[in-house]
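Observations on the model geometry
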Amino acid sequence: MSAGNKVLRDIVTDLEAVLNKCGVMYHVFYRTKSEMSIKNKLEKKSEEYRKANKKMQDLLALRITLYFTDDVELVHNYLKSQSNFDSESVDEAEVDKFCPKRLNLIMRVPNNLQQDMKAAIKETGYEDLIDNTYEVQIRTILSEGWHEVEHDLRYKCKEEWNEFKEESRLLNGIYATLESSEWSMLTLFDRLSYSQYKNKVCIRIIYCREDHFKCDNLILSSERMFSWAKR
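Residues numbered from 1 in each chain as written. Predicted model: local features only at pLDDT ≥ 70, side-chain atom pairs only at ≥ 80, totals over all residues. Heavy atoms only, no water.

On to empty space enclosed by the protein, then. For the structure shown, the criterion picks out one cavity of 30 Å³ or more. Considered as a void within the structure, the largest cavity measures approximately 30 Å³ in volume. Lining the largest cavity we find Leu19, Cys22, Val24, Leu74, Val75 and Tyr78. Of all elements in the fold, only helix H1 (3–22) and helix H3 (72–80) reach the threshold of two or more residues within the lining of the largest cavity. No other element matches H3, which puts three residues into the lining of the largest cavity. Across the lining of the largest cavity, the residue classes break down as six nonpolar, no polar and no charged. (1 Å grid on protein atoms, 1.4 Å probe; cavity = no way out; pocket = protein on both sides within 12 Å on 5 of 7 lines; lining within 4 Å. Points joined across faces, edges and corners; volume = space filled by probe spheres on them. Helix = DSSP H or I, 4+ residues; strand = E, 2+ residues; numbered from the N terminus. Nonpolar A, V, L, I, M, F, W, Y, C, P; charged D, E, K, R; others polar.)

The next thing to look at is the pattern of salt bridges. As enumerated under the stated definition, the model contains ten salt bridges in all. Where Arg31 meets Asp58, a salt bridge forms, and the shortest distance between an N and an O atom there is 4.0 Å. Here the residue Arg31 occupies a position in strand S1 (residues 26–32), and Asp58 occupies one in the loop between helix H2 (35–51) and strand S2 (60–66), the gap between them amounting to 27 residues. Given the relative accessible area of 29%, Arg31 is considered partly exposed. Close ionic contact of Glu166 with Arg169 constitutes a salt bridge, the shortest N to O distance being 3.5 Å. With Glu166 and Arg169 both in helix H6 (residues 165–207) and three residues apart, this pair spans about one turn of that helix. When salt bridges that share partners are traced, they join Arg31, Lys33, Lys41 and Asp58 into one network. (Salt bridge = Lys/Arg side-chain N within 4 Å of Asp/Glu carboxyl O. Buried < 20%, exposed > 50% of the residue type's maximum accessible area, 1.4 Å probe, protein only.)

Here the structure, examined in full by the defined rule, presents one aromatic pair. On the basis of an interplanar angle of 75° and a centroid distance of 5.8 Å, the ring pair of Phe68 and Phe189 is categorised as edge-to-face. Here Phe68, found in the loop between S2 and H3, pairs with Phe189, found in helix H6; they are 121 residues apart in sequence, far enough to count as distant. Taking relative accessible area as the criterion, Phe189 reaches 33% and is therefore assigned partly exposed. The aromatic ring of Trp161 is capped on one face by Arg154, whose charged end is 5.7 Å from the ring centroid. (Phe/Tyr/Trp six-rings, centres within 6.5 Å; stacked < 30°, edge-to-face > 60°. Lys NZ or Arg CZ within 6 Å of the ring centre and 35° of its normal.)

What follows is the structure, encoded as structure tokens:
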């Protein structure tokens with residue numbers, strides 16, 4: 001296993017322990033940037049980095065894909081609250097426009113992993129141009145597939161799309177469909193969760209119908225319990 005993947009493995013292990021406690025449904029993927037990808041990026045941006053006194057920050061990267069859209073903010077806020085948070089790139093949603101939205105965070109590698117991180121950077125041969133950071137991308141599962149296609153077939157060859165505005169717009173239209181589907185799926189599972197919970201409440205009311213105080217407390221607490229039903 002490469003030094004970079006060792007760093008990511010430990011980072012992901014700690015992150016998954018936190019996510020499991022939160023009760024969110026997710027998958028985590030990680031990668032160390034390939035030698036060819038590093039070379040291609042730094043050949044284009046090395047002078048820009050040196051002039052701005054910056055470095056490449058995504059030698060290591062992990063992606064958190066979440067089942068439900070309402071968990072994105074939860075995970076985002078958690079990562080921003082950590083002491084090793086460095087910066088973020090966030091695209092704000094536009095009311096009249098559907099397009100991919102970045103939600104990427106840059107995190108500093110923890111001190112206990114710095115030795116392996118230095119080894120990973122040294123392996124690249126670009127020690128002066130690579131930072132001791134890693135990137136975290138937060139997405140939903142339905143948008144993940146679209147982003148993979150868009151990244152490989154449009155982002156990496158933007159010049160080939162310059163004369164095809166309508167096709168580019170249609171590709172964004174597919175993303176719009178998926179975004180709408182995510183909210184439909186969330187609504188569906190909320191309804192399902194509430195229906196299952198309501199059925200259980202009705203059954204319990206039958207068993208405790210003579211205890212009005214107990215039944216009232218049960219009904220009054222249903223809204224609070226419902227917010228956790230899908231967990």
